[in-house]
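Here is what each chain is made of, one letter per residue.
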Amino acid sequence: MDSSVSTNRSPLRSAAAARRSSSGRSALPNRVAASGCGGAQFGKAQRFGAVRIATARAHSANAGKSVTEERQPTVADTKMPLKYSSGKASPLGVSQVGSGLNFAIFSQHASAVTLCIKLPTRGIQDEENAEIVEFALDCQENKTGDVWHVSVEGLPTSGVLYGYRVNGPQGWEQGHRFDSSILLLDPYAKLVSGRNYFGVDSDKPSQPFGTYDFDSSPFDWGVDYQLPNLPETDLVVYEMNVRAYTADESSGLDPAVRGSYLGFIDKIPHLLELGVNAVELLPVFEFDELEFKRYPNPRDHMVNTWGYSTINFFAPMTRYASAGGGPIAASRELKQMVKALHNAGIEVILDVVYNHTNEADDANPYVTSFRGIDNKVYYIVDPNNNAQLLNFSGCGNTLNCNHPVVMELILDSLRHWVQEYHIDGFRFDLASVLCRGPDGCPLDAPPLIREIAKDSVLSRCKIIAEPWDCGGLYLVGRFPNWDRWAEWNGKYRDDMRRFIKGEPGMKGVLATRVSGSADLYQVNKRKPYHGVNFIIAHDGFTLCDLVSYNLKHNDANGESGRDGCNDNFSWNCGVEGETNDLNVLALRSRQMKNFHVALMISQGTPMMLMGDEYGHTRYGNNNSYGHDTCINNFQWGQLKERRNGHFRFFSEMIKFRQNNPILKRDRFLNKNDVTWHENCWDNMESKFLAFTIHDENSGGDIYVAFNAHDYFVDAVIPPAPHLKRWNRVVDTNLESPNDIVPEGAPFTGSGYRIAPYSSILLKATP
């Protein structure tokens, strides 16, 4: 979660300017029906007569101009005879009904809703100035409950852009933020059209429109296609960013596919070679990567490359399509990517952001959808403070997740990704927000969390919580789970970092963490795999930087170093940052391997970060959300240089875990499963831990020892099981290829001299 993302000023023009026509008279049009209630009602199946024809508004930080005119549409204007009828309230969004298309949108507090359709371009070069036809809905004929709806005949069944204007009470103190001058994105739009090329700056931010595609044939998943359906015990998760994986020139891909879903497919062999079997993708929901550029600010030089700023919960990120292909291509290519990953036996987990949206705060609002449709329903507001948006996300607003309408939106979104895109699981960003009620207070049994756990469509999915939020609700080990929810184990991360770098008093905690954190998860029917163990994630230091920097170096972010976490539990191994000191570099290499060994031998679900397999550096930046550069982008040249050393170690260690079931049990360890070779648990100065994990079936025991002292430790090695002998698999103090020997190097003797800041692993074999 990018907790540093602050709010941004809206580029939208004033309502007064929006209501003036080019001639200076009122632009409220002669419509088929008056806006809202009390006007003429729609007649069923009539052709539109006088409708509002408006040019698309200019959006920019200096925006203000809008040209609107009233006139009769002609065949040349519309290219089609449009007919309308009242439509139906379900489903929300756009759907095919009879010979028309049904548009339905929820707004409890609106007094007027206008459907705006952007007609297909007819030789117009400037798409921004293409005409918009507006259909005012009538609250008697086109409203059922709190849903506004209309059916339109005569529209193409693909490629039409649409949005809404919504008006209602102007009482800010009541929680309303209605402004009928703003064209709003349908929350249920399955595709979003805006810019087509990632990060291409211009003087006008793009207006997001909903769109649809009922023309394309169903995606061909293939006759032999099947879901991986991996047991949770087997998962090795690789957290990554779709764009950053192949955006760099070193990927060797054609520029048209770099950073795209299709580019990702080309690099699946790397994931197989590494040995991971699940990818956790940073957000692929539609987001605005240029949001920092809406107005002058200290961050306007950056591009939001992580994507934690959702515009829409149903549409795939359009600008991840290859060659600027647009929203329909993005949908198809994402499915191609998922299919290719599944055919390789790799599951796809999406990092989803339901705790807030892109619409910022009340000081610098950016209205694109929810806020203008029904702010009081979609967001948590403070009734005691002028109904200001409450901010438990750190990003200016908090989605009202346990409101019945918002809860259903989230569930519909999740089901859509499972049914339409065959997604295997979800990691919920700042999931503690999802545990808050409409007043922001924590709930003991949050309805949304329960419904996700019990939903039949989601029953096959992995569901993972980031069990904290920016309002201080820290639920690691206490997340309401219904025996289904897994959690990012933040305590594992912190405790492992502190032990490996040599802090005193951490030995007993380390034993608890490598055993599966029973202190956190051994309750009811929870299993060790419900704890997702990680040392590194997208926010924070990379693994290389964790052993190279004592302090964060975030000046490039433009916030004078105020952003990013200060408690990193990192150690630079003697020199801050880049160095040519061979001793320091050797120590850093050992430490990275020590972390990886610990992660792969721990009970629970391991997760690693993209790039750590070759030692990616962000040069000490621990909050790199805004850099579409080598800071975040996978460096394929560095991978090639380190393939036979660092990468080989990481890959072989993952495969060792996969080949040894005793490292990934589906139950917590008992006294017969592990022997601790310790007699000084209470010695706060002891930084050495050794233990044997027993294989009751075949005697294939595994001995592991970690030495976080700055001196050698002579460890007494226990006898191997009957008819077995110890083989050395890992010694992180040795040079490659001896640092890991998958088949094992014969070991004799009763002792092993373990080097400072190193670890060893022995395997009992016949």
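This text follows the structure it describes.
A. Representation of unusual backbone geometry in the model. A cis amide bond, omega 0 degrees, links serine 90 with the succeeding residue proline 91. The amide bond that connects serine 736 to the next residue, proline 737, takes the cis arrangement and shows omega of 10 degrees. Structurally, the position occupied by proline 737 is in the loop between β28 (725-731) and β29 (740-746). Phi at alanine 323 takes a positive value of approximately 55 degrees, unusual for a residue other than glycine. Of note, alanine 323 is situated in the loop between β15 (278-281) and α6 (327-343). Classification of alanine 323 as partly exposed rests on a relative accessible area of 48%. Positive phi, close to 55 degrees, is recorded for asparagine 524, a residue that is not glycine. For asparagine 524, the position within the fold is in the loop between α12 (518-521) and β22 (531-534).

B. Just the side chain of aspartate 288, in detail. Position of aspartate 288 relative to the elements: it lies in the loop between β15 and α6. Within the local environment of aspartate 288, its side chain forms a polar contact with the side chain of arginine 195, the two groups lying 2.9 Å apart. Those residues within four positions of aspartate 288 in sequence are excluded, and the remaining contacts are Arg195, Arg294, Asn304, Ser309, Ile311, Arg319 and Tyr366.

C. Region of interest: the sheet that holds strand β24 (residues 674-676). Strand order in the open sheet formed by six strands is β24-β25-β26-β31-β28-β29, with antiparallel pairing between adjacent strands. Strands at the two margins of the open sheet, each flanked by one partner only, are β24 and β29. Within this sheet the neighbouring strands show an average axis-to-axis angle of 25 degrees, counted without direction. Looking at chain direction, β24 and strand β25 (residues 688-693) are connected through three bridges and run antiparallel.

D. Region of interest: the environment of leucine 587. Positionally, leucine 587 belongs in helix α14 (residues 582-601). Distance in space between the C-alpha atoms of leucine 587 and valine 547 is 8.7 Å, their sequence separation being 40 residues.

E. Expanded view of the sheet that holds β15. The strand order around the closed barrel built from eight strands is β14-β15-β16-β19-β20-β21-β22-β23, with neighbouring strands paired in parallel fashion. Each strand of the sheet is rotated relative to its neighbour by a mean of 25 degrees, with strand direction disregarded. Where strand β14 (residues 237-240) and strand β23 (residues 605-609) come together, three bridges link them in parallel fashion. Following the sheet pairing, glutamate 239 is matched in β23 by leucine 609.

Reading the values: rules and limits
Residues numbered from 1 in each chain as written. Predicted model: local features only at pLDDT ≥ 70, side-chain atom pairs only at ≥ 80, totals over all residues. Heavy atoms only, no water. Helix = DSSP H or I, 4+ residues; strand = E, 2+ residues; numbered from the N terminus. Buried < 20%, exposed > 50% of the residue type's maximum accessible area, 1.4 Å probe, protein only. Polar contact = N/O pair within 3.5 Å; in protein donor to acceptor, adjacent residues only side chain to side chain. Contact = heavy atoms within 4.5 Å. Pairing = 2+ DSSP bridges. Axes fitted to C-alpha atoms, helices over the stretch in contact; angles between N-to-C directions.

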